[in-house]
Amino acid sequence: MTLTVEGRVLETDPEGYLRRLEDWDEDVARAMARADDIELDENHWEVLQFLKEYYEQYQLAPPVRVLTRAIAKRLGRDKGSSRYLYRLFPDGPAKQACRYAGLPKPTNCI
Amino acid sequence: MATPARKRFLWMSRRAPHGSVQAQEGLDALLMAVAFEQPVSVVFLDDGVYQLKRDQDPARIGRKNFCAGFPSLGIYDVHDIYAERESLALRGLREEDLLMPVRVVDSAALGALMEAHDVVMSF
Amino acid sequence: MLHLVNRSPFEERTIDACLRVAAPGSAVLLYEDGVYAGVRGTGVAGRLEAAAREMRVCVLEEDLAARGLQDAALVPGVHRVDYDGFVELAIEYDSVTTWR
């Protein structure tokens, strides 16, 4: 499968995750979100940024528990809940946010 | 409802990282266990110590650098990570060759460690 | 003959069997987990060094790098080869044996 962003044709897996992390840029995330009727704001970007950094360091997607704790630290405790994350990413912070961030589909328990 | 009993797990990893999938499966299962908040210790011995070698670049052979995931264990409050001294020595590995700090223990201490855990998982 | 060994020297006796049998003048290529045997300072380095005086012993660079050993010192007399070098060896020697 492919995803076309600004004239670039990018390879994805059948569920829409990028095959190559290096294909990712912000336009890719925006295009994926727009297809789900989501307009990315700074709250979304904060989560995507964290996911990218975590993946780069550990080659793994973080579990939701780690994600919520990190968001609480950065944005305040009211935002560090899985309810907050589900409001941003209704299909699940793990799957949807990882996809927007260009990560492969999480295989670990997240 | 009664709280389920928490058992002390010892993860024992004995295989080289890229020659088979066993080492990676061990890490996947380990991350599963820690996600369920089980108290886990981890020990690397025999060729398993090669998983801790720093600067691995398995993209060169088309594989994922899953060993980069070990340093994330601290985030899950897994801090009891050991490597067997004899295994490191036989392979010419020093502590500064490793991708993260671990507790280096000798074989006798490792035997005692196994006795101190309820369940030993071998990968 | 070119002998191919892809097993760790610490888990199996494959490299021992190969070095015991391989004739002087033959070549041994260590790849996959076999590359661990070519690194200086291990418990099998002495055996490899002795073998390298009688035959050509090579390790595959890509497998060294995958294992974090791209800059590791090798046993004296043991050489690095890349995939192209692997192919050249296979052409140069009439027959190839893979030790399992």
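Note that this is a predicted model, so its numbers are computed, not measured.

Trainee: What's the story with the interface of chain C and chain B in this structure? I'm lost.
Mentor: The parts lose accessible area when they come together, and the size of an interface is often stated as this lost area. Taken together, the 18 residues of chain C in the interface contact 21 residues of chain B. For the pair chain C and chain B, the number of links is eight residue pairs in polar contact (both at pLDDT 80 or more). Looking at the side of chain C that touches chain B element by element, the count peaks at five residues for helix H3 (residues 61-66) of chain C. The residue makeup of the side of chain C that touches chain B, split by class, is six nonpolar, six polar and six charged.

Trainee: Explanation requested: the interface of chain B and chain A in the structure shown.
Mentor: Listed per partner, the contact involves 13 residues of chain B and eleven residues of chain A. Both sides of the chain B and chain A interface together cover about 1,200 Å² of buried area, and 59% of this is carbon and sulfur. Taken as a group, B:Lys64, B:Ile75 and B:Tyr76 account for 41% of the area that chain B buries against chain A, more than any other trio of residues on that side. Between chain B and chain A we count zero salt bridges in total.

Trainee: Teacher, can you tell me more about the side chain of B:Ser13 here?
Mentor: Residues and elements named next belong to chain B. By the element assignment, Ser13 lies in strand S1 (residues 9-13). Engagement of the side chain of Ser13 in a polar contact is seen with the side chain of Gln51, the distance being 2.8 Å. Not counting chain neighbours up to four residues away, the residues in contact with Ser13 comprise Val43, Phe44, Leu45, Gly48, Gln51 and Phe123.

Trainee: I keep staring at helix H3 (residues 64-75) of chain A and nothing clicks. Help me out?
Mentor: All names here are of chain A. Along its twelve residues, H3 runs 16 Å from first to last C-alpha, staying within 8% of the 16 Å computed at 1.5 Å per residue. The set of residues buried in H3 consists of Val64, Val66, Leu67, Thr68, Ala70 and Ile71. Summarising the contacts, the buried residues of H3 are in contact with helix H2 (42-58), helix H4 (82-88) and helix H5 (93-100). The positive-phi residue at the C-terminal boundary of H3 is Gly76, with phi of around 105 degrees.

Trainee: It is not clear to me how the sheet that holds strand S1 (residues 2-5) of chain C should be interpreted in this structure. Could you clarify?
Mentor: Strands in a sheet are paired, the pairing made by backbone hydrogen bonds, and the direction either parallel or antiparallel. Residues and elements named next belong to chain C. Within the open sheet, the five strands sit side by side as S4-S3-S2-S1-S5. Their pairing is parallel. With one partner strand each, in any of the chains shown, strand S4 (78-81) and strand S5 (96-99) form the two edges of the open sheet. The sheet shows a mean angle of 25 degrees between the axes of neighbouring strands, taken without regard to direction. As paired strands, strand S3 (residues 56-60) and S4 are joined by four bridges and run parallel to one another. Paired with Cys58 across the strands is His79, a residue of S4. Docked against the sheet, helix H4 (residues 83-92) engages S1, strand S2 (27-30), S3, S4 and S5, running at close to 145 degrees with respect to S3.

Trainee: For this particular structure, what's the right way to read the sheet that holds strand S3 (residues 81-84) of chain B?
Mentor: Residue and element names in this part refer to chain B. Across the sheet, which stays open at both edges, the five strands sit in the order S4-S3-S2-S1-S5 with parallel pairing between neighbours. In this open sheet, the two edge strands, each paired with only one partner strand, are strand S4 (103-105) and strand S5 (119-122). Neighbouring strand axes in the sheet, compared pairwise and without regard to direction, differ in orientation by 25 degrees on average. Pairing of S1 with strand S2 (residues 40-44) involves five bridges; the strand directions are parallel. Counterpart to Leu10 in the pairing with S2 is Ser41.

Trainee: Sorry, what's going on with the packing of H2(A) against H3(A) here?
Mentor: Axes are the key here: two packed helices are described by the angle between their axes and the distance separating the axes. All names here are of chain A. Viewed as axis vectors pointing N to C, H2 and H3 meet at an angle of 125 degrees, and their least axial separation amounts to 11 Å. The angle between the axes of H2 and H3 places the two elements in the oblique class. The two elements H2 and H3 cross, and the hand of that crossing is right-handed. Where H2 abuts H3, its residues Glu46, Val47, Phe50, Leu51, Glu53 and Tyr54 lie against Val66, Leu67, Ala70, Ile71, Arg74 and Leu75. Looking at the contact of H2 with H3, its residues break down into nine nonpolar, no polar and three charged.

Trainee: Honestly, the pattern of salt bridges in this entry has me stumped. Any pointers?
Mentor: Think of it this way: side chains of opposite charge can pair up when their charged atoms draw near. Overall, the coordinates contain 21 salt bridges over all chains when judged by the stated rule. Where B:Arg103 meets B:Asp80, a salt bridge forms, and the shortest distance between an N and an O atom there is 3.1 Å. Residue B:Arg103 is located in strand S4, and its partner B:Asp80 is located in the loop between S2 and S3; the two are separated by 23 residues in the primary sequence. Take B:Asp80: its relative accessible area is 29%, and that puts it in the partly exposed class. For B:Glu96, the salt bridge identified is with B:Arg94, shortest N-O distance 3.6 Å. The partly exposed category is assigned to B:Arg94, whose relative accessible area is 47%. Taken together, the shared-partner salt bridges connect B:Arg14, B:Arg15, B:Asp46 and C:Glu11 into one network.

Cut-offs used in this document
- Residues numbered from 1 in each chain as written.
- Chains lettered and ligands numbered in written order.
- Predicted model: local features only at pLDDT ≥ 70, side-chain atom pairs only at ≥ 80, totals over all residues.
- Heavy atoms only, no water.
- Contact = heavy atoms within 4.5 Å.
- Polar contact = N/O pair within 3.5 Å; in protein donor to acceptor, adjacent residues only side chain to side chain.
- Helix = DSSP H or I, 4+ residues; strand = E, 2+ residues; numbered from the N terminus.
- Nonpolar A, V, L, I, M, F, W, Y, C, P; charged D, E, K, R; others polar.
- Buried area = accessible area lost by both parts, 1.4 Å probe.
- Salt bridge = Lys/Arg side-chain N within 4 Å of Asp/Glu carboxyl O.
- Expected span 1.5 Å × (residues − 1).
- Buried < 20%, exposed > 50% of the residue type's maximum accessible area, 1.4 Å probe, protein only.
- Pairing = 2+ DSSP bridges.
- Axes fitted to C-alpha atoms, helices over the stretch in contact; angles between N-to-C directions.
- Parallel < 35°, antiparallel > 145°, perpendicular 65-115°, else oblique.
- Left-handed = near helix turned anticlockwise from the far one by under 90°.

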